[in-house]
Amino acid sequence: MRETEGRSQIDFSVIRKEEQSRSEWSGGTTTQLAIYPADSDYKLRTFKWRISTARVDSDESTFTPLPGIHRYLMILDGSIKLIHEGRGELEMKPFAKDEFEGDWTTKSIGRCTDFNLMTKQGEFCGALDVISPDKANCIPIFEHISQSPGAWEAIYCLVPELDITIESDGTKSDISLRNGDFLLLHRPQTASGHVSLSVRGVFSSVPAVRAAVWRAAGR
């Protein structure tokens, strides 16, 4: 991990594609992008939140049971039918989103690559979104979670090259990402003020997706 600290009130780090941790699950492979706390273990379920991508290579697969975890999922490529047994099903194509509980019996039919956020129920909240090609010049971040005591925003690059500028209280930091690189931004509990992010370039498709994580009210 290459740590890069700006002079603003937020900290950020870039995790390059080749530095990311990959492992297998029953339906394919998964790549961990970030986990909190940093020393927690996904297999032991000691994490409070986790961001990852996964490749679904089996035509039919069953999601790993995760009691006590709320799940957010977005399709990056391919398409699947997501089936929550006894609760409904939906067809998911690129950039479609869903959220569900980790103790539900959830199956998928089809192959895809997805973007995942998992949060500990009652302790953290989250959201997934796209950075659209036509609205990338000035993107407010941390805005809808301004009252949270500490929060994170993350950007996952989908194009060959992506130049990003982070501006906080008049201070600017420039970052360059390549396809598969991951940017994690953290605003400490003591930070305040407006933070924005801009993406430079002309894109014919979605250049990146983003995740937001913040502490639940009262935590």
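The structure we're discussing is the one just above.
Overview of the structure. This one's a predicted model, so the numbers in the text were calculated from it and none came from an experiment.

Procedures and definitions
Residues numbered from 1 in each chain as written. Predicted model: local features only at pLDDT ≥ 70, side-chain atom pairs only at ≥ 80, totals over all residues. Heavy atoms only, no water. Pairing = 2+ DSSP bridges. Helix = DSSP H or I, 4+ residues; strand = E, 2+ residues; numbered from the N terminus. Axes fitted to C-alpha atoms, helices over the stretch in contact; angles between N-to-C directions. Core = buried A, V, L, I, M, F, W, Y, C linked by side-chain atoms within 4.5 Å. Buried < 20%, exposed > 50% of the residue type's maximum accessible area, 1.4 Å probe, protein only. Contact = heavy atoms within 4.5 Å. Phe/Tyr/Trp six-rings, centres within 6.5 Å; stacked < 30°, edge-to-face > 60°. Lys NZ or Arg CZ within 6 Å of the ring centre and 35° of its normal. Salt bridge = Lys/Arg side-chain N within 4 Å of Asp/Glu carboxyl O.

**Let's talk about the sheet that holds strand β17 (residues 195–200)**
Strand order in the open sheet made by the four strands is β12-β17-β14-β15, with antiparallel pairing throughout. Only two strands of the sheet have a single partner each, and these edge strands are β12 (139–141) and β15 (171–178). With direction set aside, neighbouring strand axes in the sheet form an average angle of 25°. Direction of pairing for β12 relative to β17: antiparallel, over a ladder of three bridges. Residue pairing across strands places Ile141 opposite Val195, the latter belonging to β17.

**Description of the nonpolar core**
Core analysis: the biggest nonpolar cluster contains 25 residues, and Leu162, Ile164, Ile166, Leu177 and Leu183 have the highest contact counts within it. Only β2 (11–15), β12, β13 (151–157), β14 (161–168), β15, β16 (182–187), β17 and β18 (208–215) provide two or more residues apiece to this core. With residues near it in sequence (within four places) discarded, Ile164 still touches Ile155, Ser173, Asp174, Ile175, Leu177, Leu183, Leu197, Ser198, Val199 and Arg200. Membership of the second largest hydrophobic core comes to 20 residues, among which are Ile15, Leu76, Leu117 and Ala211.

**What to know about the packing of aromatic side chains**
Taken as a whole and assessed by the stated rule, the structure comprises nine aromatic pairs. Ring pairing ties together the aromatic residues Tyr36, Trp49, Phe124 and Trp152, which thus form one cluster. The ring centre of Tyr42 lies 4.7 Å from the NZ or CZ of Arg45, which sits over that ring. One Lys or Arg, Arg50, reaches over the ring of Tyr42 and ends 3.9 Å from the middle of that ring.

**Concerning the pairing of β13**
Successive side chains on a regular strand alternate, one facing one side of the sheet and the next facing the other. In terms of burial, β13 is a largely internal element, seven of the seven residues being buried. Across the two faces of β13 the burial is the same, with Ala151, Glu153, Ile155 and Cys157 and Trp152, Ala154 and Tyr156 all buried. The sheet contact formed by β13 and β16 spans six bridges and is antiparallel. Counted as the bridge partner of Ala154 is Leu184 from β16. Taken together, the seven bridges between β13 and β18 define a ladder with antiparallel strand orientation. When the sheet's bridge partners are listed, Ala151 is paired in β18 with Trp214.

**What to know about the pattern of salt bridges**
Using the criterion set out here, one finds 11 salt bridges in the structure. Residue Arg55 pairs with Asp77 through a salt bridge whose shortest N-O separation is 3.0 Å. Pair noted here: Arg55 is in strand β5 (residues 49–56) and Asp77 is in strand β7 (residues 69–84), with a separation of 22 residues, a long-range link. Of the charged contacts, one joins Lys81 and Glu91 as a salt bridge, the two residues approaching to 3.9 Å between their closest N and O atoms. Residue Lys81 is located in strand β7, and its partner Glu91 is located in strand β8 (residues 88–92); the two are separated by 10 residues in the primary sequence. Exposure remark for Lys81: the relative accessible area of 27% places this residue in the partly exposed category.

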